[in-house]
Amino acid sequence: MKNIPDRIKKVCQYIEDRYIEQITLSQIAEIACYSPEAFCRYFKKHMGITFVSYLTQVRIDVACLLLANNVEEKSISEIAYACGFTSVSSFNRMFKRHLGISPTAYVARL
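Residue positions are given per chain, counted from 1 along the sequence in the order it is written. Given that the model is predicted, a residue must reach a pLDDT of at least 70 before its local features are reported, and side-chain atom pairs must reach 80 or more before they are shown or counted; all residues, however, enter totals for whole chains, interfaces and linings. Hydrogens and water molecules were not included; the side-chain quantities draw on all heavy atoms of the structure.

S.K.: Explanation requested: unusual backbone geometry in the structure shown.
M.R.: Trans is the prevailing form of peptide bonds, just as negative phi is the prevailing case for residues other than glycine. Although it is not a glycine, Cys33 adopts a positive phi angle of roughly 60 degrees. Relative to the elements of secondary structure, Cys33 occurs in the loop between helix H2 (25-31) and helix H3 (36-47). For the exposure calls, accessible area comes from a 1.4 Å probe over protein chains only, and a residue counts as buried if that area is under 20% of its type's maximum, exposed if over 50%, partly exposed in between. With a relative accessible area of 62%, Cys33 lands in the exposed category. In this text, helices come from DSSP runs of H or I with a minimum length of four residues, and strands from runs of E with a minimum of two, each type numbered from the N-terminal end.

S.K.: Any chance you could explain the nonpolar core here in plain terms?
M.R.: A general feature of soluble globular proteins is that nonpolar side chains tend to end up buried together. What makes a nonpolar core is a set of buried Ala, Val, Leu, Ile, Met, Phe, Trp, Tyr and Cys residues whose side-chain atoms join them at distances within 4.5 Å. Among the nonpolar cores identified, the biggest contains 33 residues, and Ile15, Ile28, Phe39, Phe43 and Phe51 are the most heavily contacted of them. Secondary-structure elements contributing two or more residues to this core are helix H1 (6-18), H2, H3, helix H4 (51-68), helix H5 (76-82) and helix H6 (88-99). Here this core gets 9 residues from one element, more than from any other, and that element is H4. Residue contacts are defined here by distance: any two heavy atoms, one from each residue, within 4.5 Å place the two residues in contact. Beyond its immediate sequence surroundings of up to four residues, Phe43 is in contact with Ile8, Val11, Cys12, Gly48, Ile49, Thr50, Phe51 and Tyr54.

S.K.: It is not clear to me how H1 should be interpreted in this structure. Could you clarify?
M.R.: Because each turn of an α-helix spans 3.6 residues, side chains separated by three or four positions end up pointing in the same direction. Take the number of residues in a helix, subtract one, and multiply by 1.5 Å to get its expected span. In this model, H1 (13 residues) spans 18 Å end to end at C-alpha, consistent with the 18 Å of a helix rising 1.5 Å per residue. Every buried residue belonging to H1 is among Ile8, Val11, Cys12, Tyr14 and Ile15, and all of these are buried. Axial view of H1: buried residues confined to an arc of 155 degrees, hence all on one face. Turned more than 90 degrees away from the buried face of H1, the exposed residues are Asp6, Lys10 and Asp17. Of the surrounding elements, those touching the buried residues of H1 are H2, H3 and H4. Summarising the geometry, the arc corresponds to the directions from the helix axis toward the C-beta atoms.

And the structure:
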């Protein structure tokens, strides 16, 4: 990572370690010792994207790895839940928003 402050690195590591769990803005702001509003501004200033977008991107990246290496032949919905999404429709929507194709189309391209 470029010149990222230690607070942001700590938050990113927390997200990468716990992306499966429900992670709230309040939790993350507390880890960084900011109010939720101040944390949002701080995170966007240093990362160039919002906290929610970063969390979603981490989850989508993991989903892509799981879909590509699906040796256990898990369904797309099982992978969605394994990546921390709370619903399959939300997963499908976010996947398409971030990659421009649906999870089904992504798997078909592999």
